Amino acid sequence: MPKIDVLLNGHPMRAAQGVIGFCTMVLIEGEQRTLVDVGHVGRRNVLLAALAERGLTPGDIDATVMTHAHWDHAQNLDLFDHAPTVLHSWERKYAQDPHVNDWATPRWTGAMIETQSNIQEVEDGHEIEPGVRILHTPGHSPGCISVLVETDEGVGAITGDVLHYSTVALTRINPLVFWSEEKARASIDRILEESDVIYPGHDRPFRVVGGDRIEYLQPMQMELAGLDPGDPGLTWDRSARQPWVMPGIEAQQIRGVQR
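So, on to the overall build of the chain. When helices and strands are counted, the chain shows six helices and 17 strands. Against the 2.2 N^0.38 benchmark of 18 Å for 259 residues, the chain shows a C-alpha radius of gyration of 18 Å, consistent with a compact globule. For the chain, the C-alpha atoms occupy an extent of roughly 50 × 45 × 40 Å along the three principal directions. Here the analysis covers contacts within the chain between residues at least 6 apart in sequence; of these, 63% occur between residues at least 24 apart. Accessible area of the chain: about 12,300 Å², with a carbon and sulfur share of 49%. For the chain, the separation between the mean place of its 21 positive charges and that of its 37 negative charges on side chains is 4 Å.

Now the structure itself:
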């Protein structure tokens, strides 16, 4: 059966001055090697190192999956130009004409995608290989997809930002919505119904136990540099992230797509 290998865990860190955007990058080892999300260029060297630790180079990856086209999940796409890029048709269309308030999809995103020589548009239910299936899970963005993987340990769901982090599984509230709050909640529910283990977009793998408790499968590992906890003016905000819905979301549309 296919195996899931977390190359790099995502992290929920954020700062008052902007989004750090460390997303989860997952390797599926089955009949082929499929990399789900490639991250942003600030983590490029770390991604290459994670592959090298496994004796791999970008050329050893057979396909990449773009869970969605936001900058923090997709900027290293050029490393894998030899391989098919799997993404939902809605996401590709939307990236050509994103909403003016959609700061996660800069207007160059569509051009970045089209530089790839092998784009594979997929719909809900597409099978990458036996035991590896695509779900269309919109809400955070129009073409968000998740990957369900049947493993010896149960069904793993690699969710991108359908579930940013573990608390989303309990609240059923996506913290950043660029497309539809209603569809975002429905997508969260679908993931929880169809999976045993969740590999979220910006957190460590986890299970939901008893419906109201999170069980992480890996310990936290993060080293910060350039800051000293005692630096004057450095403060820590431990409050929960407040949900944000993009202004103008009611006007969201994709040319040629019925919302």
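Take the environment of Ala-111 next. As for its position among the elements, Ala-111 is in helix 4 (residues 109-114). Along the primary structure Ala-111 and Ala-95 are separated by 16 residues, whereas in three dimensions their C-alpha atoms are 8.4 Å apart.

Right, let's get into the packing of aromatic side chains. Under the definition given, this model contains six aromatic pairs. The interplanar angle of 75° and the centroid separation of 5.4 Å between the aromatic rings of Trp-103 and Phe-178 together place this pair among those described as edge-to-face. Here Phe-178 lies in the loop between strand 13 (176-177) and helix 6 (181-194) and Trp-103 lies in the loop between helix 3 (89-95) and helix 4, a separation of 75 residues in the sequence. Overall, Trp-103 belongs to the partly exposed group, its relative accessible area being 39%. Overall, Phe-178 belongs to the buried group, its relative accessible area being 1%. The structure contains a cluster of three or more aromatic residues connected by ring pairs, namely Trp-90, Tyr-94 and Trp-179.

Below, the discussion takes up the pattern of salt bridges. All chains considered together, the criterion is met by 13 salt bridges. When the shortest N-O distance is used, the salt bridge between Glu-215 and Arg-207 registers 3.2 Å. By relative accessible area, which is 30% here, Arg-207 ends up partly exposed. Connected via shared salt-bridge partners are Asp-124, Arg-133, Arg-190 and Glu-194.

This part takes up the sheet that holds strand 1 (residues 3-8). Across the sheet, which stays open at both edges, the six strands sit in the order 1-4-5-6-7-8 with mixed pairing between neighbours. At either end of the open sheet lies a strand with only one pairing partner, and these are strand 1 and strand 8 (119-122). On average, each strand axis in the sheet is tilted by 25° relative to the strand beside it, whichever way the strands run. Across four bridges, the pairing between strand 4 (residues 25-29) and strand 5 (residues 33-36) is antiparallel. Within strand 5, the position partnered with Val-26 by the bridge is Val-36.

Below, the discussion takes up the side chain of Glu-91. Tracing the sequence through the fold places Glu-91 in helix 3. Buried charge Glu-91 goes without a salt bridge, the closest partner of opposite sign being Lys-93 at 11 Å. Side-chain polar atoms of Glu-91 contact the backbone nitrogen of Gly-143, separated by 2.7 Å. When sequence neighbours within four positions are dropped, the list of residues in contact with Glu-91 reads His-68, Ala-69, Ser-141, Pro-142, Gly-143 and Cys-144.

Below, the discussion takes up the pairing of strand 12 (residues 154-160). By the criterion of burial, strand 12 is predominantly enclosed, with six of the seven residues buried. Examined bridge by bridge, strand 11 (residues 145-151) and strand 12 share five bridges and lie antiparallel to one another. Its bridge partner lying in strand 12, Thr-151 is registered against Gly-154. Bridge count between strand 12 and strand 14 (residues 197-200): four bridges; the pairing is parallel. Directly across from Ala-157, in strand 14, lies its bridge partner Ile-198.

Next up on the list: helix 6. Residues spaced three or four apart along an α-helix face the same direction, because each turn holds 3.6 residues. With 14 residues, helix 6 ought to run about 20 Å at 1.5 Å a step, and its terminal C-alpha atoms sit 20 Å apart, in line with that. The inward-facing, buried residues of helix 6 contact strand 10 (132-136), strand 11, strand 12, helix 5 (166-171), strand 13 and strand 14. The distance from a side-chain oxygen at the start of helix 6 to the backbone nitrogen of Glu-182 is 3.5 Å, and the residue carrying that oxygen is Ser-180.

Among the residues of helix 1 (residues 44-53), Leu-47, Ala-50 and Leu-51 are the ones counted as buried. Along the axis of helix 1, the buried positions cluster into a sector of 100°, meaning they face one direction only. Of the exposed residues in helix 1, the ones pointing more than 90 degrees away from its buried face are Asn-45 and Glu-53. Residues of helix 1 that are buried sit in contact with strand 1 and strand 4. One or two positions beyond helix 1, positive phi appears at Gly-55, with a value near 75°.

Thresholds, definitions, all that
Residues numbered from 1 in each chain as written. Predicted model: local features only at pLDDT ≥ 70, side-chain atom pairs only at ≥ 80, totals over all residues. Heavy atoms only, no water. Helix = DSSP H or I, 4+ residues; strand = E, 2+ residues; numbered from the N terminus. Rg over C-alpha atoms; globule rule 2.2 N^0.38 Å. Contact = heavy atoms within 4.5 Å. Areas by Shrake-Rupley, 256 points an atom, 1.4 Å probe, with all protein chains shown as cover. Lys, Arg positive; Asp, Glu negative; His and termini not counted. Charge placed at Lys NZ, Arg CZ, Asp CG, Glu CD. Phe/Tyr/Trp six-rings, centres within 6.5 Å; stacked < 30°, edge-to-face > 60°. Buried < 20%, exposed > 50% of the residue type's maximum accessible area, 1.4 Å probe, protein only. Salt bridge = Lys/Arg side-chain N within 4 Å of Asp/Glu carboxyl O. Pairing = 2+ DSSP bridges. Axes fitted to C-alpha atoms, helices over the stretch in contact; angles between N-to-C directions. Polar contact = N/O pair within 3.5 Å; in protein donor to acceptor, adjacent residues only side chain to side chain. Expected span 1.5 Å × (residues − 1). Arc of directions from axis to C-beta.

So yeah, pure geometry; function would need other evidence.
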